[in-house]
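Each chain, letter by letter, is given below.
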Number of protein chains: 4
Amino acid sequence: MSGADGSLPGTAVVLRVRYAETDQMGVGYHGAFLPWLEVARTAWLREHALPYRDLEAAGVHLPVVELSCRYRRPVRYDDELRIEAEARPWGRSGIRFRYRVTRPADGTLTATAETRHATIRRDGSVRRLPAAVRHGLGKTGAG
Amino acid sequence: MSGADGSLPGTAVVLRVRYAETDQMGVGYHGAFLPWLEVARTAWLREHALPYRDLEAAGVHLPVVELSCRYRRPVRYDDELRIEAEARPWGRSGIRFRYRVTRPADGTLTATAETRHATIRRDGSVRRLPAAVRHGLGKTGAG
Amino acid sequence: MSGADGSLPGTAVVLRVRYAETDQMGVGYHGAFLPWLEVARTAWLREHALPYRDLEAAGVHLPVVELSCRYRRPVRYDDELRIEAEARPWGRSGIRFRYRVTRPADGTLTATAETRHATIRRDGSVRRLPAAVRHGLGKTGAG
Amino acid sequence: MSGADGSLPGTAVVLRVRYAETDQMGVGYHGAFLPWLEVARTAWLREHALPYRDLEAAGVHLPVVELSCRYRRPVRYDDELRIEAEARPWGRSGIRFRYRVTRPADGTLTATAETRHATIRRDGSVRRLPAAVRHGLGKTGAG
């Protein structure tokens with residue numbers, strides 16, 4: 001489902017690497033990528049379904065249960081990064097996001113990642129994905 | 001109320017600077033100190049009053065409303081740091097913590113800080129400090 | 001030097017509170033504000049002087065040596081925040097930034113802060129502010 | 001190579017979940033686990049080879065190039081967690097760490113993870129694992 005240039009259909013956000021996110025190797029700390037993925041995921045939900053804050057207000061939580069990330073090239077302080085996210089259903093009630101992190105200035109693919117999310121109520125019990133999210137998944141041709 | 005060596009009466013914790021907490025200047029990021037202060041504050045409450053998790057479970061929250069920090073010497077990855085905290089009442093229902101961050105290996109004072117906390121209920125309304133905390137403040141001669 | 005509405009002359013950035021930046025009280029963690037101030041400071045330098053990455057590449061570092069922050073209202077996940085920063089000379093070779101953090105949606109002033117920065121070389125020795133920064137400070141009427 | 005109880009041979013550290021590491025779902029943020037893995041990895045290197053700060057001082061860097069994590073149970077603020085790490089060679093010059101995160105209070109396995117690291121020089125070029133690390137890997141029966 002990727003475009004000819006490998007880009008993901010879905011949502012993209014652009015952000016800059018903060019100084020706080022660097023480490024003493026002079027690059028973006030590998031753990032800093034997780035909040036970046038989250039920013040793209042939040043944008044996907046806002047765009048294709050509804051804001052995650054509204055989901056949570058309705059008692060729906062999508063915690064990360066599996067995470068994988070492959071770091072390909074280092075990123076630097078103040079680099080402008082583009083985070084693309086696309087979503088698919090995962091199992092009976094979950095959702096899976098895939099991500100590409102690129103640096104538009106030189107076209108470098110810096111990381112790829114995937115997160116898998118359960119759909120739970122505040123008390124931790126499993127529930128179905130809300131209709132709005134299922135509808136959003138359908139729209140991206142991922143049904 | 002400081003000892004002859006400037007140390008604070010109260011509680012001390014020891015921790016190491018994590019790689020995640022460094023920045024590209026090769027030192028501990030200035031924002032990393034705030035969680036360290038929190039670790040010492042948590043230890044003070046556990047030791048002199050009751051665990052903060054129990055306070056929160058009882059509907060008492062102590063959010064930071066004022067913060068000041070003076071950075072004196074840089075700290076490095078893997079440095080062992082000692083964080084001392086002492087507490088005093090602040091106004092009618094608040095609490096004030098003062099901190100000293102030292103590096104025991106060479107005796108360097110790396111930072112001093114202060115945080116002031118309101119005492120609120122979950123809904124944000126102001127309430128008195130719980131008796132257990134007031135009692136703990138009294139024990140440190142800070143009444 | 002504030003405008004009639006209290007806004008600071010200088011630079012403003014807009015960002016959203018990340019889920020990673022919340023804590024279990026359901027609000028933005030107080031330590032999360034420091035990277036936000038840094039984003040505004042970075043923007044000020046880029047706009048009025050030169051990118052901080054270029055300053056560092058030229059061997060000039062502006063570490064935070066004093067920090068104060070007053071938290072006035074809680075901020076929530078996904079809130080859009082506006083961070084304003086203005087800069088002044090501080091002493092013979094330092095620079096001081098003041099900040100206002102507001103939530104444009106309801107006009108709330110959520111925090112005010114100040115950071116003071118020494119100007120040092122990579123080896124830690126003190127040096128003058130670079131001409132480009134002094135020039136930028138002059139342009140804001142802060143000489 | 002696991003013990004009868006599933007524990008990993010190697011190194012274990014114990015730490016508490018910081019308030020800063022929680023999120024508004026009331027649990028430890030999934031991204032907070034990465035610094036915890038790092039603490040265990042740092043301890044493994046100190047115990048079986050040599051401190052990572054010494055490795056870096058000698059021009060050897062072990063950046064994370066692949067990461068996977070499976071979150072099994074939520075962790076809470078102030079929970080005491082035990083992070084076990086073991087290491088194996090990975091390919092011709094890399095190293096792979098596996099981790100188990102447990103909560104000793106109730107014996108819960110909260111997460112398992114793996115990181116793979118390249119061995120590079122400061123300039124990014126690939127090099128062999130230093131002899132001290134290879135020796136440490138051998139001692140854990142992982143040769």
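For the structure, check the block above.
Residues numbered from 1 in each chain as written. Chains lettered and ligands numbered in written order. Predicted model: local features only at pLDDT ≥ 70, side-chain atom pairs only at ≥ 80, totals over all residues. Heavy atoms only, no water.

Caption draft 1: Inspection of the overall build of chain A at higher detail. Helices and strands together make up the secondary structure of chain A, namely 3 helices and 5 strands. When the helices and strands of chain A are listed from N to C terminus, the series reads β-α-α-β-β-β-β-α. Relative to a compact globule of 143 residues, whose C-alpha radius of gyration would be 15 Å, chain A shows 16 Å and is just as compact. Considered along the principal axes of its C-alpha atoms, chain A spans approximately 45 × 35 × 20 Å. Buried positions account for 58% of the 143 residues belonging to chain A. (Helix = DSSP H or I, 4+ residues; strand = E, 2+ residues; numbered from the N terminus. Rg over C-alpha atoms; globule rule 2.2 N^0.38 Å. Buried < 20%, exposed > 50% of the residue type's maximum accessible area, 1.4 Å probe, protein only.)

Caption draft 2: Up close: the relation of the copies chain A and chain D. The two copies are related by a screw operation: chain A maps onto chain D through 180° of rotation and 0.0 Å of translation along the axis, at an RMSD of 0.0 Å. With respect to symmetry, the two chain copies, as superposed, fit the operation of a two-fold axis. Relative to the rotation axis, the C-alpha of A:Ser68 is the closest in chain A, positioned 2.1 Å from it. By residue overlap, the copies meet face to face through one surface: 100% of the interface positions of chain A are interface positions in chain D. (Least-squares fit on C-alpha atoms with pLDDT ≥ 70 in both. Contact = heavy atoms within 4.5 Å.)

Caption draft 3: Spatial organisation of the state of the cysteines. Applying the stated rule across the entire model yields 0 disulfides over all chains. A disulfide-free cysteine, B:Cys69 has its sulfur positioned 12 Å from the sulfur of C:Cys69, the nearest such atom. Taking relative accessible area as the criterion, B:Cys69 reaches 5% and is therefore assigned buried. (Disulfide = S-S within 2.5 Å.)

Caption draft 4: How the structure looks around the environment of D:Arg18. Locating D:Arg18 in the fold gives a position in the loop between β1 (11-16) and α1 (33-48). Along the primary structure D:Arg18 and D:Asp123 are separated by 105 residues, whereas in three dimensions their C-alpha atoms are 35 Å apart. Contact partners of D:Arg18, with chain neighbours within four places excluded, come to B:Leu15, B:Arg18, B:Glu21, B:Pro35, B:Trp36, B:Glu38, B:Val39 and D:Tyr77.

Caption draft 5: Quick look at the environment of A:Val17. Residue and element names in this part refer to chain A. Note that valine 17 resides in the loop between β1 (11-16) and α1 (33-48). Note: C-alpha distance between valine 17 and proline 130 (113 residues apart in sequence) is 33 Å. Beyond its immediate sequence surroundings of up to four residues, valine 17 is in contact with Thr22, Trp36, Val75, Arg76, Tyr77, Asp78, Asp79 and Leu81.

Caption draft 6: Spatial organisation of the side chain of A:His61. Position of A:His61 among the secondary structure elements: in the loop between α2 (52-57) and β2 (64-71). Classification of A:His61 as buried rests on a relative accessible area of 2%. Here A:Glu56 takes part through its side chain, which lies 3.2 Å from a polar atom of the side chain of A:His61. Once residues lying within four places of it in the same chain are set aside, the contact partners of A:His61 are A:Tyr52, A:Glu56, A:Ala118, A:Thr119, A:Ile120, A:Arg121, A:Arg122 and D:Met25. (Polar contact = N/O pair within 3.5 Å; in protein donor to acceptor, adjacent residues only side chain to side chain.)

Caption draft 7: Molecular detail of the interface of chain A and chain D. Counting from both sides, the interface comprises 21 residues of chain A and, opposite them, 21 residues of chain D. Across the chain A to chain D interface the summed buried area is about 1,900 Å²; carbon plus sulfur atoms make up 55%. Contact with chain D buries area across many residues of chain A, yet A:Met25, A:His30 and A:Leu67 alone supply 28% of it, more than any other trio. At the junction of chain A and chain D, the tally comes to 0 salt bridges. Across the chain A-chain D interface, the total number found is 9 residue pairs in polar contact (both at pLDDT 80 or more). Elements that contribute at least two residues to the side of chain A that touches chain D include exactly α1 and β2 of chain A. (Buried area = accessible area lost by both parts, 1.4 Å probe. Salt bridge = Lys/Arg side-chain N within 4 Å of Asp/Glu carboxyl O.)

Caption draft 8: Fine view of the relation of the copies chain B and chain C. Once chain B is rotated about the relating axis by 180° and shifted along it by 0.0 Å, it coincides with chain C to within an RMSD of 0.0 Å. The share of interface residues of chain B whose copies in chain C are also at the interface is 100%, consistent with both copies meeting through the same surface.

Caption draft 9: The arrangement of the interface of chain B and chain C in detail. The interface of chain B with chain C comprises 21 residues on the first partner and 21 residues on the second. In total, chain B and chain C occlude about 1,900 Å² of area from one another, counting both sides; carbon and sulfur atoms represent 55% of this. For the pair chain B and chain C, the number of links is 0 salt bridges. The tally of links from chain B across to chain C stands at 8 residue pairs in polar contact (both at pLDDT 80 or more). Secondary-structure elements contributing two or more residues to the side of chain B that touches chain C are α1 (33-48) and β2 (64-71) of chain B.

Caption draft 10: Representation of the environment of B:Gly136 within the structure. Residue and element names in this part refer to chain B. Among the structural elements, glycine 136 can be located in helix α3 (residues 131-139). Remark: the alpha-carbon pair of glycine 136 and glutamate 47, spanning 89 residues in sequence, is separated by 8.5 Å. Setting aside anything within four residues of it in sequence, one finds glycine 136 in contact with Trp44 and His48.

Caption draft 11: Region of interest: the sheet that holds β2(B). If you trace the 10 strands from one edge of the open sheet to the other, you get β1(B)-β3(B)-β4(B)-β5(B)-β2(B)-β2(C)-β5(C)-β4(C)-β3(C)-β1(C), paired in antiparallel fashion. The two strands at the open ends of the sheet, each matched to only one other strand, are β1 (11-16) of chain B together with β1 (11-16) of chain C. In this sheet, neighbouring strand axes are inclined to one another by 20° on average, regardless of whether the strands run parallel or antiparallel. Sitting on the sheet, helix α1 (residues 33-48) of chain C touches β2 of chain B together with β1, β2 (64-71), β3 (80-90), β4 (94-103) and β5 (108-117) of chain C, and the angle it makes with β1(C) is about 140°. (Pairing = 2+ DSSP bridges. Axes fitted to C-alpha atoms, helices over the stretch in contact; angles between N-to-C directions.)

Caption draft 12: Region of the structure containing the packing of aromatic side chains. The final tally for this structure, using the stated rule, is 28 aromatic pairs over all chains. Ring geometry for B:Phe33 versus B:Tyr71: centroids 5.1 Å apart, planes at 85°, classification edge-to-face. On the criterion of sequence distance, the pair formed by B:Phe33 in helix α1 and B:Tyr71 in strand β2 is long-range, its members being 38 residues apart. Comparing B:Phe33 with B:Tyr71 shows no difference in burial state: the two are buried. Measuring from centroid to centroid gives 6.2 Å for B:Tyr52 and D:Tyr77, while their planes differ by 80°, and the two rings are edge-to-face. On the criterion of chain membership, the pair formed by B:Tyr52 in helix α2 (residues 52-57) and D:Tyr77 in the loop between β2 (64-71) and β3 (80-90) is interchain, its members lying in two chains. The exposure classification of B:Tyr52 matches that of D:Tyr77, with both residues buried. (Phe/Tyr/Trp six-rings, centres within 6.5 Å; stacked < 30°, edge-to-face > 60°.)

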